[in-house]
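Structural description and commentary
What follows is the residue order along each chain.
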Amino acid sequence: MTSPLRALRLRARRSLDPAHYDYYAGGAGDERALGENERAFARLALLPRILRGAERRDTTVALFGDRAAMPVIVSPTAFHRLAHPQGERAVARATAAAGTILTTGMAATTPVAAVVDAARSERPDAAVWFQLYLQPEPEVTEALVRRAEKAGCSALVVTVDSPVFGRRERDERHGFHDLPAGLAAENMRDLPGTGPGGLRAIAMSPASSWDDLRRLRSMTALPVLLKGVLHPEDARLAVAEGVDGLIVSNHGGRQLDAAPATVEALPRIADAVAGRIPVLLDGGVRRGSDAALALALGATAVGVGRPVLWGLAADGEKGVRQVLDLLHTEFDHTLALCGGRSPADLTRDMVVTRGRPAGTGGSPW
Ligand SMILES: Cc1cc2nc3c(=O)[nH]c(=O)nc-3n(C[C@H](O)[C@H](O)[C@H](O)COP(=O)(O)O)c2cc1C
Ligand SMILES: CC(C)CC(=O)C(=O)O
């Protein structure tokens, strides 16, 4: 059986230049983290509850003052115009139409203001968050923050899993290190001291620290989320620092290949945070039931990266809408089958590990 998402990926593969397909699909090193993200979900199962459901479920979630129609949002992925001429605009319209939140990034091939406009043309109260990497020069970081604020973004997502860029062997093989003529990392244009900008202006900052994060937080009133947290001690530090939210992520297996599957890292992070701030997760979410598992293990919402790229490459805005609607329908269906009325009804006691009898000490949770 081919799942609808898998079918879209195969269509995307046919429509994309092989180097661009591999850039989207690939991960670091042996792609262990990439593969484990999906396999770890497949190793988990839900124990449904009975006789306590509702005629209609409420799948909405509240996140930092925004509301999403479902606990599935769009994670930041670079260079959408490699996939489709409408690029980030198509993703913005589809995400707004699906009622959920888009995270656009500093590596977008469409400027953040145009992304927000596209989302709001579809739904006037659509929420767009902005993802950035702390830049070696604070003035560059600050200029990016101002761009996001001016555009109307409602949260900042600071990616902290990339002190250096991951080693992606597929990209090495193809020699894919730059964008084709006509495409650029539009948010990186005309920043202080970066020259004309574009992809090469995106810097990783191996020496960035909690001090740099404090400086960023002092620049803005927007909520700040840290993306790429895997160690529970970092989660505790982040809460102590006053960070607004965390995203448990291994960057879709594109950075540290030795990183664990995100859903396996989630329970310890959720325990460390103990409900004080929202914890999100991304990596390997391919079904509404994956989202349900992550919520049961303590996430408030999940993000999807590649599924959106497959929808975009296969069928533009319509393809992205198809992906998000499918995940919404599947999540609602899973919730109904589990006797849930709202996401809060998915709880950790409902998660067991396949292949081990439940209740025999077999579950690590
Ligand atoms: C092609 C591609 C580009 C990405 N670009 C970024 C980026 O610019 N910034 C970032 O924080 N994460 C980036 N990510 C990571 C995603 O935000 C997300 O963590 C990951 O894709 C989730 O895993 P999934 O693809 O299995 O859903 C990228 C991922 C992919 C596949
Ligand atoms: C341009 C890069 C920073 C985008 C990225 O994070 C990725 O390819 O995983």
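Anyway, here's the lowdown on the structure attached to this text.

Cut-offs and rules
- Residues numbered from 1 in each chain as written.
- Chains lettered and ligands numbered in written order.
- Predicted model: local features only at pLDDT ≥ 70, side-chain atom pairs only at ≥ 80, totals over all residues.
- Heavy atoms only, no water.
- Helix = DSSP H or I, 4+ residues; strand = E, 2+ residues; numbered from the N terminus.
- Buried < 20%, exposed > 50% of the residue type's maximum accessible area, 1.4 Å probe, protein only.
- Polar contact = N/O pair within 3.5 Å; in protein donor to acceptor, adjacent residues only side chain to side chain.
- Contact = heavy atoms within 4.5 Å.
- Near = heavy atom within 4 Å.
- Areas by Shrake-Rupley, 256 points an atom, 1.4 Å probe, with all protein chains shown as cover.
- Lys, Arg positive; Asp, Glu negative; His and termini not counted.
- Salt bridge = Lys/Arg side-chain N within 4 Å of Asp/Glu carboxyl O.
- Nonpolar A, V, L, I, M, F, W, Y, C, P; charged D, E, K, R; others polar.
- Axes fitted to C-alpha atoms, helices over the stretch in contact; angles between N-to-C directions.
- Parallel < 35°, antiparallel > 145°, perpendicular 65-115°, else oblique.
- Left-handed = near helix turned anticlockwise from the far one by under 90°.
- Arc of directions from axis to C-beta.
- Core = buried A, V, L, I, M, F, W, Y, C linked by side-chain atoms within 4.5 Å.
- Expected span 1.5 Å × (residues − 1).

**Section: the side chain of Q135**
Relative to the helices and strands, Q135 resides in the loop between β6 (128–132) and α6 (138–151). Accessibility expressed as a relative area gives 7% for Q135, which makes it buried. A distance of 3.0 Å separates the side chain of Q135 from the backbone oxygen of Y133, its partner in a polar contact. In terms of polar contacts, Q135 uses its side chain to reach the backbone carbonyl oxygen of A203, at 2.9 Å. Beyond its immediate stretch of four places on either side in the chain, Q135 contacts M106, V140, T141, L144, M188, A201, I202, A203 and S205.

**Some remarks on the site of ligand 1**
Close contacts around ligand 1 come from 23 residues, with P76, T159, D282, R286 and G305 the closest. Residue K227 places a side-chain N or O atom 2.9 Å away from an oxygen atom belonging to ligand 1. Between ligand 1 and the protein, one listed contact pairs an oxygen atom with a backbone N or O atom of G305 at 2.9 Å. In the complex, 98% of the free accessible area of ligand 1, which totals 610 Å², lies under the protein chains. For the shell around ligand 1, the secondary-structure elements that each account for two or more residues are α2 (18–25) and α12 (306–337).

**Quick notes on the side chain of R254**
Considering the arrangement of structural elements, one finds R254 in the loop between β9 (245–248) and α10 (262–273). At 5.4 Å, D171 is the nearest oppositely charged side chain to R254, a buried residue that forms no salt bridge. Of note is the side chain of R254, whose polar atom sits 2.7 Å from the backbone oxygen of Y23. A polar side-chain atom of R254 sits 3.4 Å from the main-chain carbonyl oxygen of Y24. What R254 contacts, discounting residues up to four positions off in sequence, is Y23, Y24, G26, G27, A28, G166, R168 and R306.

**Observations concerning the pattern of salt bridges**
Inspection of every chain in the model, using the stated rule, returns 20 salt bridges. With a shortest N-O distance of 2.5 Å, D211 and R214 are connected by a salt bridge. Separated by three residues within a single helix, D211 and R214 lie in helix α8 (residues 210–219), roughly one turn from each other. With a relative accessible area of 48%, D211 lands in the partly exposed category. Accessibility expressed as a relative area gives 40% for R214, which makes it partly exposed. Between E330 and R287 there is a salt bridge, with its nearest N and O atoms 2.8 Å apart.

**Points about the site of ligand 2**
Around ligand 2 sit Y23, A78, F79, A107, Y133, F165, R168, M204, H251 and R254, and that is every residue in its neighbourhood. Between ligand 2 and R254, the relevant distance is 2.8 Å, taken from an oxygen atom to a side-chain nitrogen or oxygen of the residue. Against a free-state accessible area of 290 Å², the protein chains account for coverage of 91% of ligand 2. Looking at the shell around ligand 2 residue by residue, the classes come out as seven nonpolar, one polar and two charged.

**Notes on the packing of helix α5 (residues 112–122) against α6**
One way to put it is that α5 packs onto α6 with a least axis distance of 8 Å and a crossing angle of 20°. One finds that α5 runs roughly parallel with respect to α6. α6 is crossed by α5, and the crossing has right-handed handedness. Of the residues in α6, those in contact with V112, A113, V116 and R120 of α5 are R147, A148 and A151. When the residues that make up the contact of α5 with α6 are grouped by side-chain class, the tally is five nonpolar, no polar and two charged.

**Overview of helix α9 (residues 232–241)**
Buried within α9 we find P232, A235, A238 and V239. All buried residues of α9 project into a common sector of 115° when viewed along the axis, lining one side. The secondary structure elements touched by the buried residues of α9 are α8, β8 (224–229), β9 and α10. Downstream of α9 by one or two residues, G242 has phi in the positive range, about 90°.

**Some words on the nonpolar core**
F130, L132, I202, L216, L246, L281 and L346 are the most contacted members of the largest nonpolar core, which has 107 residues in total. No other element matches the 12 residues that α12 contributes to this core. Setting aside residues no more than four positions away along its own chain, L346 makes contact with A292, L295, A296, F331, L335 and C338. The next biggest cluster of nonpolar side chains, apart from the first, holds 13 residues, and it includes A68, W129, V157 and L225.

**A few points about α6**
The terminal C-alpha atoms of α6, which comprises 14 residues, lie 20 Å apart, in line with the 20 Å expected from a rise of 1.5 Å per residue. Buried positions along α6 lie against α5, β6, β7 (156–159) and α8.

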